[in-house]
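Residue strings, one per chain:
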Amino acid sequence: QVQLMESGGGLVQAGGVLRLSCTGSGSIFSIYIIDWYRQAPGKQREFVARITSGGSTSYTDSVKGRFTISRDNAKNTVYLQMNSLKSEDTAVYYCASRRNTLSSVDSWGQGTQVIVSS
């Protein structure tokens, strides 16, 4: 099982950019699918983006064209580049690992807060 830690959150104005990082330790990071989720106040946690071990990516519709997920296995890190941020992107962002698309999440990070001011 891999342990995950997010970083890079903060306060940014609408239209701004942030890059979140998810760093893993304790296992072979490169074999894992890494997902980004977010949870806004009073809302359920929602899927944001995914990157597979092979580098395939997918996104929820609301972030397509604005967010980019990537990974650097040499650094055991997955990034979420967030451009053209909107107030509705305000949330706590979590990364999560799973072994394959059919398996459940086996590890969560502690989350990083993103606040987008309008």
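Above this note sits the structure.
Cut-offs used in this document
- Residues numbered from 1 in each chain as written.
- Predicted model: local features only at pLDDT ≥ 70, side-chain atom pairs only at ≥ 80, totals over all residues.
- Heavy atoms only, no water.
- Helix = DSSP H or I, 4+ residues; strand = E, 2+ residues; numbered from the N terminus.
- Rg over C-alpha atoms; globule rule 2.2 N^0.38 Å.
- Buried < 20%, exposed > 50% of the residue type's maximum accessible area, 1.4 Å probe, protein only.
- Contact = heavy atoms within 4.5 Å.
- Pairing = 2+ DSSP bridges.
- Salt bridge = Lys/Arg side-chain N within 4 Å of Asp/Glu carboxyl O.
- Axes fitted to C-alpha atoms, helices over the stretch in contact; angles between N-to-C directions.
- Core = buried A, V, L, I, M, F, W, Y, C linked by side-chain atoms within 4.5 Å.

**What about the overall build of the protein?**
Tallying secondary structure elements over the protein gives zero helices and 11 strands in all. Counting from the amino terminus, the protein carries its helices and strands in the arrangement β-β-β-β-β-β-β-β-β-β-β. Its C-alpha atoms give the protein a radius of gyration of 13 Å, within 12% of the compact-globule value 13 Å for 118 residues. Its C-alpha atoms put the protein at 40 × 25 × 25 Å along the principal axes. For the protein, buried positions account for 42% of its 118 residues. Put simply, 54% of the contacts in the protein that link residues at least 6 apart link residues at least 24 apart.

**Describing the pairing of strand β9 (residues 91–98)**
Among the eight residues of β9, seven are classified as buried, and the element is accordingly described as predominantly covered. Here strand β4 (residues 33–39) pairs with β9 via seven bridges, running antiparallel. Directly across from R38, in β9, lies its bridge partner Y93. By the bridge criterion, three bridges tie β9 to strand β11 (residues 112–117) in an arrangement that is antiparallel. When the bridges of β11 are listed, A91 appears paired with V114.

**Description of the pattern of salt bridges**
Oppositely charged side chains can pair when the atoms bearing their charge come close. Taken as a whole and judged by the stated rule, the model has six salt bridges. The partner of R98 in a salt bridge is D35, with the nearest N and O atoms 2.9 Å apart. Taken as a pair, R98 in strand β9 and D35 in strand β4 lie far apart in primary sequence, 63 residues in all. Of the two residues, R98 and D35, both sit in the buried class.

**Here's the deal with the sheet that holds strand β8 (residues 77–82)**
Pairing is antiparallel across the open sheet formed by four strands, whose spatial order is β1-β3-β8-β7. The sheet is open, and its two borders are formed by β1 (3–7) and β7 (67–72), each paired with just one other strand. Neighbour to neighbour, the strand axes of the sheet diverge by 15° on average, direction disregarded.

**Examining the nonpolar core**
With 26 residues, the main nonpolar core has I34, W36, L80, M82 and Y93 as its most contacted residues. Looking at this core, the elements with two or more residues in it are β3 (18–25), β4, β5 (46–51), β7, β8, β9 and β11. Once residues within four sequence positions are removed from consideration, L80 is found in contact with L18, R19, L20, W36, V48, A49, F67, T68, I69 and Y93.

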